[in-house]
Amino acid sequence: MKGKKREMATKTGILCLLCFFVLFFTACKSMQEADGSSGQKEEDKKIEIAMIFDNFIMERWQRDKDVFVSTASELGAEVNVQNANSSVQEQVDLLEYFIEKQVDVIVIIPIESEPLLPGIRKARQEGIKIISYDRLVIGAQSDLYVSFDNRAVGRLMGEAMAENLEKQDKVVMICGPKTDPNVEDVEVGFREVMEQKELEVVEVYYAPEWKGEYAARYIREKEELMQTVKGVMCGNDNLAGQAIAALAEQQLAGEVCVVAQDADLAACQRIVEGTQTMTVYKSVEKLAVQAAKAAVALALDEPVETEAVYEDGTGRKTSYICLEPIGVTFANMEEVIIQEGFHLREDVYLNRPDLLK
């Protein structure tokens, strides 16, 4: 009898000991989960970056997107790209959506600045970093602004215009919308050269939403003025393409000097064909790579080296990664566009195969 009692006591002790160990390890596991030391570690959490475009009307935006996403992915980040389709309200809604998702960084190409300000202030209060891409959100105090020297873009366009015109010749400007802060910078740079070279800017038109049909409409409505104009400055190659099409209807394509920016394929083709004088090449690959690297660094709270500060006119200063543009004409098309691999030679000379020989 005593042996049985002893055996039962031993079994009871073993069971109690097992229960103790089960409870102990369960408690330890719960504590680990509570302090985040089990499962996926905090440092292994995927970086989440949101990228909000204004639209994909301009040819270059697709290239910007592809390079940015590829670079960020190589650095271990996930990128959620959204297109506002030229809708200010859609951009506001997308900004709110990404704040709710608690992404690490929001990269935005603003349509208009003012409507975005409340959302950006909220994002920064939530600890979300903001990068203004190519265009600055005025008054927002973004964490970083990544773009080109837009006044230099205007000066390059002006210099190309001046090389092909004579003093006192008349020029018109077909710019993008005033809501785009880059438009003013480009205009300032262009006008500097016009004044220096004594060329007369007789009219300035601002095309809504960067839509090319407005440029074409302007040229058609100003047919009488166009007979006296020697140069047309266009805010980008999309506007230039439509303007040149309208000039062709008046037998003026190739007769009027047209300058623009972005180095779209169609623009490069027009340059070798002789209907567009120049474009400004802005390496969107370099811009997108710089922005992607900066976004990942900001998400990790690492410093981003910048050499410039941009003052937005509201008293706010923003750290600025500023890249230099390059003017492109027929003379340096091979060196700048083709050798850098921006466009293929056979595509650029598609309509002038005789020039490939």
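Residues numbered from 1 in each chain as written. Predicted model: local features only at pLDDT ≥ 70, side-chain atom pairs only at ≥ 80, totals over all residues. Heavy atoms only, no water.

Asks: What am I meant to see in the packing of helix α3 (residues 88-100) against helix α4 (residues 117-125) here?
Replies: The description of two helices packed together rests on the angle between their axes and the distance between the axes. Between α3 and α4, the least distance of the axes is 9 Å, while the angle of their chain directions is 10°. When the interaxial angle is binned, α3 and α4 end up roughly parallel. As α3 runs across α4, the sense of the crossing is left-handed. Taken together, the residues of α4 that come into contact with α3 (itself represented by L95, E96 and I99) are G119, I120, K122 and A123. (Axes fitted to C-alpha atoms, helices over the stretch in contact; angles between N-to-C directions. Helix = DSSP H or I, 4+ residues; strand = E, 2+ residues; numbered from the N terminus. Parallel < 35°, antiparallel > 145°, perpendicular 65-115°, else oblique. Left-handed = near helix turned anticlockwise from the far one by under 90°. Contact = heavy atoms within 4.5 Å.)

Asks: Looking at this structure, how should I read the sheet that holds strand β6 (residues 170-175)?
Replies: Hydrogen bonds between backbone atoms are what pair the strands of a sheet, whose relative direction is either parallel or antiparallel. The sheet built from 4 strands is open, its strands ordered β7-β6-β8-β9 with parallel pairing. A strand with exactly one partner marks an edge of an open sheet, and here the two such strands are β7 (200-206) and β9 (257-259). The average undirected angle you get between the axes of adjacent strands in this sheet is 15°. Judged from the 6 bridges that link them, β6 and β7 form a sheet pairing that is parallel. Bridged to I174 within β7 is Y205. (Pairing = 2+ DSSP bridges.)

Asks: Before we go on, may I ask you to explain the pairing of strand β8 (residues 229-234) in this structure?
Replies: Side chains on a regular strand alternate between the two faces of the sheet. Summarising burial for β8: 5 of the 6 residues are buried, a large majority. As defined by bridge partners, β6 adjoins β8 across 5 bridges and the pair is classed as parallel. Counted as the bridge partner of V172 is V232 from β8. Between the parallel elements β8 and β9, the chain passes through helix α9 (residues 237-249) in a crossover that is right-handed. (Buried < 20%, exposed > 50% of the residue type's maximum accessible area, 1.4 Å probe, protein only. Right-handed = clockwise from strand over helix to strand, strands pointing away.)

Asks: Is there a simple way to explain the sheet that holds strand β1 (residues 47-53) in this structure?
Replies: Strand order across the open sheet formed by 7 strands is β2-β1-β3-β4-β5-β12-β11, with mixed pairing between neighbours. Strands at the two margins of the open sheet, each flanked by one partner only, are β2 (77-83) and β11 (308-311). With strand direction ignored, the average angle separating the axes of adjacent strands in the sheet is 25°. The pairing of β11 with strand β12 (residues 317-323) spans 4 bridges and is antiparallel. Across the sheet, the residue bridging to A308 is Y320, located in β12. Most of the contacts of helix α2 (residues 59-74) go to β2, to which it runs at about 160°, and overall it touches β1, β2, β3 (105-108) and β4 (129-133).

Asks: Would you take a moment to explain unusual backbone geometry for this structure?
Replies: Glycine aside, a negative phi is what most residues show, and trans is what most peptide bonds show. Its identity as a non-glycine residue notwithstanding, Q168 has a phi of 75°, on the positive side. With respect to the element layout, Q168 can be found in the loop between α5 (150-164) and β6. Phi is positive for D262, which is not a glycine, with a value near 115°. Within the secondary structure layout, D262 lies in the loop between β9 and α10 (265-273). The exposure class of D262 is buried, given its relative accessible area of 6%.

Asks: What exactly am I supposed to notice about the packing of aromatic side chains here?
Replies: Between two aromatic rings, the relevant description is the distance of the centres plus the angle of the planes. This structure, assessed with the given rule, holds 8 aromatic pairs. Judged by centre distance (4.7 Å) and plane angle (15°), the rings of Y145 and Y320 are stacked. Highlighted residues: Y145 in strand β5 (residues 144-148) and Y320 in strand β12, separated in sequence by 175 residues. On the basis of relative accessibility, which here comes to 8%, the residue Y320 falls in the buried class. When the centroid spacing of 5.1 Å and the interplanar angle of 15° are considered together, the rings of Y205 and Y218 count as stacked. Of this pair, Y205 sits in strand β7 while Y218 sits in helix α7 (residues 212-221), placing them 13 residues apart in sequence. The exposure class assigned to Y218 is buried, which follows from its relative accessible area of 5%. (Phe/Tyr/Trp six-rings, centres within 6.5 Å; stacked < 30°, edge-to-face > 60°.)

Asks: So what exactly am I meant to see when it comes to the pattern of salt bridges here?
Replies: Pairs can form between side chains of opposite charge once their charged atoms are near each other. All told, the structure shown has 19 salt bridges when counted by the stated rule. Residue E96 is joined to K122 by a salt bridge in which the shortest nitrogen-to-oxygen separation is 2.7 Å. Remark: K122 occurs in helix α4 and E96 occurs in helix α3; sequence separation between them is 26 residues. A residue is classified by how much of its surface remains accessible, and K122, at 33% relative accessible area, is partly exposed. Where R155 meets E192, a salt bridge forms, and the shortest distance between an N and an O atom there is 3.6 Å. (Salt bridge = Lys/Arg side-chain N within 4 Å of Asp/Glu carboxyl O.)

Asks: For this particular structure, what's the right way to read helix α11 (residues 284-299)?
Replies: Working note: α-helix, 3.6 residues per turn, so residues spaced by three or four point in the same direction. A rise of 1.5 Å per residue sets the reference length of α11, with its 16 residues, at 22 Å; its end C-alpha atoms lie 22 Å apart and thus fit the reference within 8%. Taken as a whole, α11 has its buried residues at V284, L287, A288, A291, A292, A294, A295, V296, A297, L298 and A299. D301 sits one or two positions beyond α11 and adopts a positive phi of about 60°. (Expected span 1.5 Å × (residues − 1).)

Asks: Could you clarify how one ought to interpret the confidence of the model for the chain in this entry?
Replies: For residues with low pLDDT, the predicted coordinates do not support detailed interpretation. Looking at the chain, the pLDDT average stands at 89 and 87% of residues meet or exceed 70. Low pLDDT, under 50, characterises residues 1-6; the stretch is placed with 0 contacts to residues that sit more than four places away or in other chains. Counted against residues more than four places away or in other chains, residues 27-42, with its pLDDT under 50, gives 5 contacts. (pLDDT = per-residue confidence, 0-100.)

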